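Working through the structure, step by step
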Amino acid sequence: MAEIVTIRGDRELLARTQHLFSSVREEFVCAARDLDTWPRPDARRAARARVRDSGTRQIRKLLSPASLADESSRDHLSELIDEGARVRIAAAPLPHETIIIDRRYAILAGVDTPGGREYTVTTAPALVGGVHALFEAAWETATDLKVFLRGEQPLLDPDSRTVLRALGSGATDETAARELGMSLRTYRRRVAELLTTLDAASRFQAGVRVGELGLSP
């Protein structure tokens, strides 16, 4: 395979890369918005079966919180963990899917289009290494699935998330209060309530806790 190849559509991707999914030995990592990595269920099932049967030593999946939207998805991820995979939930929604095989191959998904999705498959060491480094950075800030599912992360209502976004923007209290249409006193009270909810002693610590708990504003 050339160092960088563009492939169009799920079926073509599976046909041209099935040997990669079957040849995983050391590590298979995947970052995705949800469990539907590929729109076509038959291609998705075939790829998963090849990885499962390949004998790979380590499987890691990094997913957006949206992947836990229904009970069947949570059950599936729990089964993966029981089979030895490691699963973490990212603090924020992830962009398009990325797969890295044995740190030698990377598959990058493009946007959905009426004609199907384009994929970039690369073996270029510098590119594969860079993608893997980005994955590792996101992985380190993500939350273990079992921790996430235990409900240890506090529930933030829409108003709290709005205040959280304002804090993250770096705006002054006066500016944030004005943009949110509330008085300065009310805004600061909501910030104090948010810190209590997050069990944080400061605004900085609140930001750290948001990352630790896999919360997304």
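As a further point, take the overall build of the chain. Of regular secondary structure, the chain possesses nine helices and eight strands. For the chain, with 217 residues in total, the buried portion stands at 41%. In the structure as shown, the chain presents an accessible area of about 11,500 Å², 52% of it carried by carbon and sulfur atoms.

Read from one edge of the open sheet, eight strands run 1-7-6-5-2-3-4-8, paired in mixed fashion. The strands lining the two open edges of the sheet, one partner per strand, are strand 1 (4-8) and strand 8 (143-144). Bridge count for strand 3 (residues 58-63) against strand 4 (residues 86-89) is four bridges, and the pairing is parallel. Looking across to strand 4, one finds that Arg-60 is bridged to Arg-86. The strands touched by helix 1 (residues 10-22) are strand 1, strand 2 (27-32), strand 5 (98-101), strand 6 (105-109) and strand 7 (118-122); relative to strand 1, the strand with the most contacts, the crossing angle is about 135°.

Relative to each other, helix 6 (residues 158-169) and helix 8 (residues 184-197) sit at 100°, their axes nearing to 10 Å. If you check the angle between helix 6 and helix 8, you find them roughly perpendicular. Of the residues in helix 8, those touching helix 6 at Asp-159, Ser-160, Val-163, Leu-164, Ala-166 and Leu-167 are Tyr-187, Arg-190, Val-191 and Leu-194. In terms of residue class, the contact of helix 6 with helix 8 is made up of seven nonpolar, one polar and two charged.

Once that is clear, we can look at the pairing of strand 7. Bridge count for strand 1 against strand 7 is five bridges, and the pairing is antiparallel. By the bridge assignment, Thr-6 is partnered in strand 7 with Thr-120. Of the strand pairs in this sheet, strand 6 and strand 7 are connected by four bridges, and their pairing is antiparallel. Its bridge partner lying in strand 7, Leu-108 is registered against Thr-120.

Let's shift gears to the environment of Phe-135. Tracing the chain through its elements places Phe-135 in helix 4 (residues 125-141). According to the relative accessible area criterion, Phe-135 is buried, its value standing at 6%. C-alpha separation for the pair Phe-135 and Ile-99, spaced 36 residues apart in sequence, amounts to 9.6 Å. Among residues more than four places away in sequence, those in contact with Phe-135 are Val-29, Cys-30, Ala-31, Arg-60, Leu-62 and Ile-100.

Moving on, we come to a negative patch on the surface. Where like charges cluster on the molecular surface, the negative patch consists of Asp-70, Asp-75, Glu-79, Asp-82 and Glu-83. Residue placement: Asp-75 occurs in helix 3 (residues 71-82). Its relative accessible area of 39% is what places Asp-75 among the partly exposed residues.

Further remarks concern the environment of Arg-74. Its place among the elements puts Arg-74 in helix 3. Using a relative accessible area of 23% as the deciding quantity, one classes Arg-74 as partly exposed. Taking the C-alpha atoms as reference points, Arg-74 and Leu-145, separated by 71 residues in sequence, lie 9.2 Å from one another.

The subject of this paragraph is the pairing of strand 3. Relative to strand 3, strand 2 is paired through six bridges, and the arrangement is parallel. By the bridge assignment for strand 3, Ala-32 is matched with Leu-63.

Mean pLDDT over the chain stands at 81; residues scoring 70 or higher make up 83%. Averaged pLDDT values for the elements of the chain fall to 63 in helix 2 (residues 41-53) and rise to 93 in strand 5.

So, on to the pattern of salt bridges. What the rule picks out here adds up to 14 salt bridges. A salt bridge links Glu-27 to Arg-60; the nearest nitrogen and oxygen atoms lie 2.7 Å apart. Linking Glu-27 in strand 2 with Arg-60 in strand 3, this pair joins segments that are 33 residues apart in sequence. Grouping residues by exposure puts Glu-27 and Arg-60 together as buried.

Cut-offs and rules
- Note on numbering: residues in each chain are counted from 1, in written sequence order.
- The model is predicted, so local features are restricted to residues of pLDDT at least 70 and side-chain atom pairs to those at 80 or more, both for listing and for counting; the totals for chains, interfaces and linings are taken over all residues.
- Excluded from the side-chain calculations are hydrogens and water; all other atoms, namely the structure's heavy atoms, are used.
- Secondary structure elements are defined from DSSP: runs of H or I of at least 4 residues count as helices, runs of E of at least 2 residues count as strands, and each element is numbered from the N terminus.
- Burial status follows relative accessibility: with a 1.4 Å probe on protein chains alone, a residue under 20% of its type maximum counts as buried, one over 50% as exposed, and anything between as partly exposed.
- For the area figures, the Shrake-Rupley method with a 1.4 Å probe applies, and any residue is considered shielded solely by the protein chains shown.
- If DSSP finds at least two bridges between two strands, the strands pair.
- When checking whether two residues touch, look at their non-hydrogen atoms; a contact exists if any pair is within 4.5 Å.
- All axes are obtained by fitting lines to C-alpha atoms, using only the stretch in contact for helices, and the reported angles, taken between N-to-C directions, cover 0 to 180 degrees.
- Roughly parallel means an angle under 35 degrees; roughly antiparallel means over 145; roughly perpendicular covers 65 to 115; every other angle is labelled oblique.
- Under the grouping applied here, Gly and all other residues not named as nonpolar or charged are polar, the nonpolar ones being Ala, Val, Leu, Ile, Met, Phe, Trp, Tyr, Cys and Pro and the charged ones Asp, Glu, Lys and Arg.
- Like charges within 9 Å and nonpolar side chains (Val, Leu, Ile, Met, Phe, Trp, Tyr) within 5 Å are joined into patches, using only residues over 30% in relative accessible area that form no salt bridge.
- A pairing counts as a salt bridge when a side-chain nitrogen of Lys or Arg comes within 4 Å of a carboxyl oxygen of Asp or Glu.
- As used throughout, the charge tally considers Lys and Arg to be positive and Asp and Glu to be negative, leaving His and the chain termini uncounted.
- Throughout, a charge is located at the NZ atom of Lys, the CZ atom of Arg, the CG atom of Asp or the CD atom of Glu.
- A residue's pLDDT is simply how confident the predictor is in it, with values from 0 to 100.

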